[in-house]
Amino acid sequence: MPVTGEEPITEPPGEAVRFAVLGPVRVWRAGQEVPLGPRQQRLVLAALLARAGRPVSLTELVALLWEEDPPRSAVNAVHRYVGALRRLLEPGLPARAPGRWLVRQAGGYALRVDADRLDLLAFRAAVRHARAVAAAGDAREAANRFGSALEQWQGRCAADLEAAVGTHPLFTSVDNEYVAAVSEAADAALHGDPPASVLAAVRQAAQRHPWDERLQARLLLLLASHGRQAEALLLYRRVSAMLREELGVEPGAELRAAHEHVLRGGEHEHRGRSGPQGAVVGADLDGPPGGGPAVGPPYPVPAQLPADLPCFVGRERVLEQGMALAGQTSGALRVLAIDGIPGVGKTALAVRLAHRVAARFPDGQLFADLGGFTAGEGGPFDPGEVLYAFLESLGVERQRIPRTTRSRAALFRSVLATRSVLVVLDDVRDVEQVRPLLPGAPRCMVVITCRGRLSGLAAAHGARMIGLGVFSAAEAVGCLAERVGFGSDAHTGVIEEIVERCGRLPLALSIVAARAAGRAGGLSRRTVAELADATKGLDVFSDDDRGNDLRAAFARSHRTLSPDAARAFRLLPSHGRLDFATSDLAIATGLSASATAAAVGDLVRARLLTALGPDRYEVHPLILAYAAERGRVPRDRWAVVQRPSADRGRAQAPVPELTDLLPRVSRPGLGAASGEAVVGAGPDTDDAQAFLAAVGLGGLARPPHSAAPSGRQGDDRVRARSPSG
């Protein structure tokens, strides 16, 4: 069956098509090799083959072909290359016909292939069978099957295009599958009569990946098992010298143990353990010379996940998507990126998901808070520092950890090349911060939380992107019920009003629930009265942990804004609505169209705004209340700026008094009513509430029932946290 889930592919007699990407990119039709055309066209085909039946987006193809500087005609050029490839595969196909093999799918293209037509899928199927045999305990047959699987490889993935694809993650992830299979083949071979094909494959893989010490250790042991102790000792000397000269480090424990084993003679039988997914791993290198059963892996197994929340509601659909991704065995690194506004529960969701799928990753779970939005509080954290901590956790001695981030990233990928590890990266700032922290191994998975959308990860790594919105009304009520229960006078209307005044934002709900839990009666009309008290503003969402209250969560995004974006943010309440266009902000700020567009881009990246569609943006009502606080000014220094409008000649209206404590945010404010906008003309003061009233936000406004997409909960630093779900 084809991997795309379509009906089985049928071919006219005599027109069978076969593809190869494990080595040079090649195609045969009816037994004859097909010339594939110019380099760019072959690159498109190579990407489609490496993705093995899953779609490759136009964005990914453009980035592959032109990297940083695509021409304006890039997308049209990709369409032309695809059309030419269709006609190569199916001569006589009309120019705009869809074709049997190359199909449009998910904003890009996919090549309909299965294991009978593509060497990569045939290799994966053979490796699965070999792992099943290894899990059944037949090491000799497993080694033979691994050897047969490895014969599919005729060089690196897309070897004839290596200059263009050598470091591209789409192709390196396929190469990492080869390394993983070679390592498992070596483990199986060390438990029986090692076939010569396995030794050849391990030798070749070790040459391609000189920094992978686990691979080098396996090669040492295999050489010794073939009676080539002298060659094994020379290999150890060469690898040791390279590590010292290139990285300034000594060989690691596993490589040293293999060397000691060879020095002792290396004649006794190796014994190992049944490892993840049926792989036999880890010879007992540290035991007595007579050998003995290994009782665990030869490396530490980190378990760094924070504690799961005892109260967690909703998010079932997103959890199902994450668990489905964790169960995929497509051969590519699995990356899930969760984005949303501050306080929406991204960390809580990531931690809950990580605990649910942790059993799938028996070699450990790594966790790091990258502090992407904690400038001035120790973050954002340098990825090199995070790599140092990860490598230590994975058993790399401190003196062996390289100095540069680039070298640490390479060592990190090498250490994880044959392991199955879950990596959770919380509060990521941007793609550049997270890229060095991505493993290369397909058996690993990465879960990322971020405020803005990391589109570059989708383009370069095929990441699954999930935008997290605020709770539904039912989920929000469930959150309150789970955390605190309802007081005797908290009838349905009271609870619904509390939910709406919290904007259904998980962090706001959790703070209100925590405050109510400490008093008799729990949630009640008293809670509603507090939320409606305009004199408290966002103070009603404060927390004893000052780093985890609502204002602090919004402030971390605000600190990242450019001056123009910060000014535009302070003027959001003058619009008096939750949604608007760029032109609305341009009028309020007096900025040029290009400067306003740049400011809006900053606000979206900081996730203080959420894009609804082409030039339409939305702000959560509590973020709007925070914007009003940031825009507070002395009343005698307010300025009224005339907006262009049909009634331009109307007299300027004075700033109204604070008369309505509970207006709805959707009610037009001063600017919408009179064509004027209130602009801060001086520094911040404590006179916030009059300003809130003046722009239509006196009291905590009740949002409309539409749920807005949203972001992160509080200060989730590397220290212990209590994320809200």
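Computed from a predicted model, the values in this text were never measured in an experiment.

### So, the confidence of the model for the protein
- Averaged over the protein, the pLDDT score is 74; the fraction of residues at 70 or greater is 74%.
- Confidence drops under pLDDT 50 across residues 1-8; counting only partners more than four residues distant or on other chains, this segment forms 17 contacts.
- Contacts of residues 267-296 to residues separated by more than four positions or lying in other chains number 63 contacts, the stretch itself having pLDDT below 50.

### Comments concerning the sheet that holds strand β16 (residues 616-618)
- Read across the sheet, three strands follow the order β14-β16-β15 without closing on themselves; strand pairing throughout is antiparallel. Looking at which strands have only one partner, the edges of the open sheet turn out to be β14 (579-580) and β15 (610-613).
- Pairing geometry for β15 and β16, over three bridges, is antiparallel. When the bridges of β16 are listed, T610 appears paired with E618.

### With respect to the pattern of salt bridges
- Taken as a whole and judged by the stated rule, the model has 28 salt bridges.
- For E250, the salt bridge identified is with R244, shortest N-O distance 2.9 Å.
- In this structure E250 comes out as partly exposed when scored by relative accessible area, which is 39%.
- A salt bridge links R616 to D579, with the shortest nitrogen-to-oxygen separation between them at 2.8 Å. With R616 in strand β16 and D579 in strand β14, this pair connects stretches of sequence that are 37 residues apart.
- Accessibility expressed as a relative area gives 29% for R616, which makes it partly exposed.

### What about the nonpolar core?
- In terms of nonpolar packing, the biggest core is built from 90 residues, with F19, V25, L111, L118, F123 and F171 touching the most fellow members.
- Of the residues forming this core, the biggest block, eleven residues, is contributed by helix α7 (residues 169-189).
- One finds L305, C479, V512 and A625 within the second-largest nonpolar core, a separate group that totals 77 residues.

### What to know about the packing of helix α1 (residues 39-51) against α7
- Look at α1 against α7: their axes get within 10 Å of each other, and the N-to-C directions meet at 45°. Overall, the two elements α1 and α7 adopt an arrangement that is oblique. Crossing hand, α1 versus α7: left-handed. Where α1 abuts α7, its residues A46, A47, A50 and R51 lie against L170, F171 and V174.

Reading guide: rules and limits
Residues numbered from 1 in each chain as written. Predicted model: local features only at pLDDT ≥ 70, side-chain atom pairs only at ≥ 80, totals over all residues. Heavy atoms only, no water. pLDDT = per-residue confidence, 0-100. Contact = heavy atoms within 4.5 Å. Pairing = 2+ DSSP bridges. Helix = DSSP H or I, 4+ residues; strand = E, 2+ residues; numbered from the N terminus. Salt bridge = Lys/Arg side-chain N within 4 Å of Asp/Glu carboxyl O. Buried < 20%, exposed > 50% of the residue type's maximum accessible area, 1.4 Å probe, protein only. Core = buried A, V, L, I, M, F, W, Y, C linked by side-chain atoms within 4.5 Å. Axes fitted to C-alpha atoms, helices over the stretch in contact; angles between N-to-C directions. Parallel < 35°, antiparallel > 145°, perpendicular 65-115°, else oblique. Left-handed = near helix turned anticlockwise from the far one by under 90°.

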